[in-house]
Amino acid sequence: EQALINLVRNAIEAAGPDGGVRLRGRAMSGGVRVEVEDDGPGIANPDNLFVPFFTTKPGGSGIGLALSRQIAEAHGGSLVLVNRTDASGCCATLD
């Protein structure tokens, strides 16, 4: 639950007041896949995505994505973030 909250919060902040956020979920063999997609500017520096305490947001803590990935992995899952190829923005996939 906390991982999903962090991902949705990040997507809303990235999309801004005029952007959109979409959530998709589907049953997978042995679990669920959740995708959180936003219309923001996308990932500028993917090398630092999961570095604890690294943030590009004023007032950000830099812990949300790192914690989300830790939570996913602790439950045998994964978290991947990629820039969208069909439009601007990012897609986070939580397995």
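Rules used throughout
- Residues numbered from 1 in each chain as written.
- Predicted model: local features only at pLDDT ≥ 70, side-chain atom pairs only at ≥ 80, totals over all residues.
- Heavy atoms only, no water.
- Pairing = 2+ DSSP bridges.
- Helix = DSSP H or I, 4+ residues; strand = E, 2+ residues; numbered from the N terminus.
- Axes fitted to C-alpha atoms, helices over the stretch in contact; angles between N-to-C directions.
- Contact = heavy atoms within 4.5 Å.
- Salt bridge = Lys/Arg side-chain N within 4 Å of Asp/Glu carboxyl O.
- Core = buried A, V, L, I, M, F, W, Y, C linked by side-chain atoms within 4.5 Å.
- Buried < 20%, exposed > 50% of the residue type's maximum accessible area, 1.4 Å probe, protein only.
- Polar contact = N/O pair within 3.5 Å; in protein donor to acceptor, adjacent residues only side chain to side chain.
- Left-handed = near helix turned anticlockwise from the far one by under 90°.
- Arc of directions from axis to C-beta.

(A) Spotlight on the sheet that holds strand β4 (residues 90-94). The four strands lie next to each other as β1-β2-β4-β3, forming an open sheet whose pairing is antiparallel. Both outer strands of the open sheet, β1 (21-28) and β3 (79-83), are each paired with one neighbouring strand and no more. Averaged over all neighbouring strand pairs, the angle between strand axes comes to 15°, with direction disregarded. Of the strands in this sheet, β1, β2 (31-38), β3 and β4 are in contact with helix α1 (residues 2-15), which crosses β2 at around 15°.

(B) Just the pattern of salt bridges, in detail. What the rule picks out here adds up to nine salt bridges. As a salt-bridge pair, Glu37 and Arg24 come within 3.2 Å of each other at their nearest N and O atoms. Of this pair, Glu37 sits in strand β2 while Arg24 is found in strand β1, placing the two residues 13 residues apart along the sequence. Between Glu37 and Arg84 there is a salt bridge, and its shortest N-O distance comes to 3.6 Å. You can see Glu37 sitting in strand β2 and its partner Arg84 sitting in the loop between β3 and β4, a full 47 residues away along the chain.

(C) Looking closely at the nonpolar core. Counting residues in hydrophobic clusters, the biggest one holds 16 residues, and the most contacted among them are Leu7, Val36, Leu79, Leu81 and Leu94. Taken together, the elements giving at least two residues each to this core come down to α1, β2, α2 (64-74), β3 and β4. Of the residues forming this core, the biggest block, four residues, is contributed by α1. In this structure, Leu79 is in contact with Leu7, Phe50, Leu65, Ser68, Arg69, Ala72, Ala92, Thr93 and Leu94, ignoring residues within four places of it in sequence.

(D) Here's a closer look at the side chain of Ser68. Of note, Ser68 is situated in helix α2. Side-chain polar atoms of Ser68 contact the backbone oxygen of Gly64, separated by 2.8 Å. Setting aside residues no more than four positions away along its own chain, Ser68 makes contact with Ala3, Asn6, Leu7 and Leu79.

(E) Expanded view of the packing of α1 against α2. Axis separation between α1 and α2 bottoms out at 9 Å; the angle between their running directions is 145°. Both α1 and α2 take part in a crossing whose hand is left-handed. Of α2, the residues touching α1 (which contributes Gln2, Ala3, Asn6, Leu7 and Asn10) are Gly64, Leu65, Leu67, Ser68 and Ile71.

(F) Expanded view of α2. Taken as a whole, α2 has its buried residues at Leu65, Ala66, Ser68 and Ala72. Angular distribution of buried residues about the axis of α2 spans 165°; they occupy a single face of the element. Exposed and facing more than 90 degrees away from the buried side of α2 are Gln70 and Ala74. Residues of α2 that are buried sit in contact with α1, β3 and β4. Once α2 ends, the next one or two residues include Gly76, with phi positive near 80°.

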